[in-house]
Amino acid sequence: MKLLVTGGCGFIGSAFVRLALARGAAVVNLDKLTYAGNPENVADVADHPGYTFVHADIADADAVADAIRGADAVVNFAAESHVDRSILSPADFITTDVVGTAVLLDAARRADVGRFVQVSTDEVYGSIRSGAFHETDPLAPSSPYSASKAGGDLQVLAWHRTFGLDAVITRGSNTFGPRQYPEKLIPLFVTNALDGLELPVYGDGMQVRDWIFVDDHCEGIWAVLDQGVAGEVYNVGGGNEEANLGITRRILELTGRDASLVRHVADRPGHDRRYALDTARLRGLGWEPRHSFEEALAATVAWYRDNRAWWEPIKSGEYRRYYEEQYGTR
Ligand code: NAD
Ligand code: TYD
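Definitions and limits used
Residues numbered from 1 in each chain as written. Chains lettered and ligands numbered in written order. Predicted model: local features only at pLDDT ≥ 70, side-chain atom pairs only at ≥ 80, totals over all residues. Heavy atoms only, no water. 1 Å grid on protein atoms, 1.4 Å probe; cavity = no way out; pocket = protein on both sides within 12 Å on 5 of 7 lines; lining within 4 Å. Points joined across faces, edges and corners; volume = space filled by probe spheres on them. Helix = DSSP H or I, 4+ residues; strand = E, 2+ residues; numbered from the N terminus. Domains from an automatic or database assignment. Expected span 1.5 Å × (residues − 1). Buried < 20%, exposed > 50% of the residue type's maximum accessible area, 1.4 Å probe, protein only. Salt bridge = Lys/Arg side-chain N within 4 Å of Asp/Glu carboxyl O. Axes fitted to C-alpha atoms, helices over the stretch in contact; angles between N-to-C directions. Parallel < 35°, antiparallel > 145°, perpendicular 65-115°, else oblique. Left-handed = near helix turned anticlockwise from the far one by under 90°. Contact = heavy atoms within 4.5 Å. Nonpolar A, V, L, I, M, F, W, Y, C, P; charged D, E, K, R; others polar. Phe/Tyr/Trp six-rings, centres within 6.5 Å; stacked < 30°, edge-to-face > 60°. Lys NZ or Arg CZ within 6 Å of the ring centre and 35° of its normal.

Asker: Requested: an account of the layout of surface pockets, with residues and values cited.
Answerer: When its volume is computed, the largest pocket comes out at roughly 320 Å³. Taken together, 16 residues make up the lining of the largest pocket; nearest its centre are Y35, R85, S89, D92 and E318. Looking at the lining of the largest pocket, the elements with two or more residues in it are helix 3 (83-88), helix 4 (91-110) and helix 12 (318-327). Looking at which domains feed residues into the lining of the largest pocket, each of domain 1 (2-175 + 211-236) and domain 2 (178-209 + 239-270 + 292-323) supplies at least three. By volume, the second largest pocket amounts to about 240 Å³. Taken together, N192, D195, L197, E198, W311, E312, K315, Y319, R320 and Y323 make up the full set of residues lining the second largest pocket.

So this is what it looks like as structure tokens:
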């Protein structure tokens, strides 16, 4: 099987590229290399005979038409993915997550690709007080990020309905693991804690997320690629609900730091209080998460401790300007 994977130099995409190659697929990885795209993330497979890299934008119809030739399936990870950046500057989110997705869909239809997998997020459902979201629940996104991902999802479903494209959607929960850009909660707090820097907790820190280890998320996407029913959506959740302050406490413990590093800062505008997913549909395909939250978090902290060469250049580059803008006035 030949796959066109987009965004394969990012956090989850790079883990998926590794998984797909290990399972015998050939992979064309098309990535724009935004601030979040890092060729280091796929350095270990760069010389694999089944691997090809294409430096391009998913919104570039000509480049996509070239790259998609001969692909049996597309797995679309490419996105602007950070809520706080979408609040500072929403435009790129619309261009990539909505327009880019539509360009890819069109190319997939023209190339008669057998399957299109849209990698989406639980954030499209919005916040939930109790219980868990099902795939049939309405979309109620809160941030420019989640609204643009919801726009992408709706394009995917429309292409299935109107053009008969074989398309499926995965909606993953908050993911963590090695190689996650240190703007997201876990890698930001781990790398700050390792350096003895403050951990900026938004508001009261009692917002709840459902955490999933990156390899479990990728195996869920693979199961949907392999066995999902065309036109269906599949939630991919780890079942590990925890408040941000709980995550913070765990990170302090794993890095040998104490609570003096915690700083409560102004809350995120439009901040969703809780995410939770019902995953029965995906479990019906035989998938279940294989990693315990405690062990995977400890392994993730160890990875950041052992791989300063990966994150130190990031934190001293473009990131510094972002960090100043994001946290400077809080
Ligand atoms: P990431 O920000 O780490 O990586 C995104 C990748 O996409 C980068 O390599 C970047 O260069 C590339 N990219 C961005 N715009 C592009 C464009 N226009 N054309 C081509 N490539 C482009 O993101 P991630 O955390 O790995 O997330 C991957 C996908 O999974 C996203 O679609 C995201 O919405 C979804 N998702 C993420 C999480 C999470 O917790 N990180 C949870 C659920 C779903
Ligand atoms: P994040 O990793 O940005 O994922 P998302 O917003 O997509 O769920 O944030 C996870 C949670 O952590 C969210 O409730 C916001 C909170 N958070 C902080 O309290 N401080 C921070 O510096 C960051 C980045 C996030």
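Next comes the rest of the account.
Asker: Could you give me a rundown of helix 7 (residues 214-227), with the residues and numbers involved?
Answerer: With 14 residues, helix 7 extends 20 Å between its outermost C-alpha atoms, agreeing within 8% with the 20 Å of an ideal straight helix rising 1.5 Å per residue. With respect to burial, helix 7 is a largely interior element, 11 of its 14 residues being buried. Taken as a whole, helix 7 has its buried residues at V214, D216, H217, C218, E219, G220, I221, W222, A223, V224 and L225.

Asker: An account of the pattern of salt bridges is requested, with residue identities and associated values reported.
Answerer: Scanning the model with the defined rule gives 20 salt bridges in all. One salt bridge connects D44 with R18, and the closest N-O pair in it is separated by 2.9 Å. With a gap of 26 residues between them, D44 in the loop between strand 2 (26-31) and strand 3 (51-55) and R18 in helix 1 (residues 11-22) connect regions that are remote in the sequence. Judged by its relative accessible area of 53%, D44 falls in the exposed class. The class of R18 is partly exposed, set by a relative accessible area of 22%. Between D84 and R268 there is a salt bridge; the shortest N-O distance is 2.8 Å. Separated by 184 residues along the polypeptide, D84 in helix 3 and R268 in the loop between strand 12 (262-265) and helix 9 (280-283) bring together distant segments of the chain. Of the two residues examined, D84 and R268, each falls in the buried class. The structure contains a network of salt bridges with shared partners spanning R23, E219 and R290.

Asker: Can you explain unusual backbone geometry? Please cite residues and give values.
Answerer: The phi angle at D112 is positive, at roughly 55 degrees, despite the residue not being glycine. Structurally, the position occupied by D112 is in the loop between helix 4 and strand 5 (115-121). A positive phi angle, near 70 degrees, is found at R179, a position not held by glycine. With respect to the helices and strands, the residue R179 is situated in the loop between strand 7 (174-176) and helix 6 (185-194). On the basis of relative accessible area, R179 is assigned to the partly exposed category, the value being 21%.

Asker: Could you give an account of the packing of helix 4 against helix 5 (residues 144-163), naming the residues involved and the relevant values?
Answerer: Two elements in contact, helix 4 and helix 5, have axes separated by 8 Å at closest approach and are oriented at 15 degrees. Put simply, helix 4 runs roughly parallel to helix 5. Considering the relative orientation of helix 4 and helix 5, their crossing is right-handed. Residues F93, I94, D97, V98, T101, A102, L105, D106 and R109 of helix 4 pack against Y145, S148, K149, G151, G152, Q155, V156, W159 and F163 of helix 5. Broken down by class, the residue content of the contact of helix 4 with helix 5 amounts to nine nonpolar, five polar and four charged.

Asker: Got a sec to walk through the packing of aromatic side chains? Specific residues and values, please.
Answerer: Aromatic ring pairs are described here by two measures, namely the spacing of the ring centres and the angle between the planes. Counted by the stated rule, this structure contains 17 aromatic pairs. For the ring pair W303 and Y304, a centre distance of 5.0 Å and an interplane angle of 85 degrees mean the geometry is edge-to-face. Of the two residues examined, W303 and Y304, each falls in the buried class. Through a chain of ring-to-ring contacts, three or more aromatic side chains come together here, namely Y35, Y181, Y202, Y319, Y322, Y323 and Y327. Between the NZ or CZ atom of R85 and the centre of the ring of Y35, over which it lies, the distance is 3.6 Å. The ring of Y322 carries R85 above its face, with NZ or CZ at 4.1 Å from the centroid.

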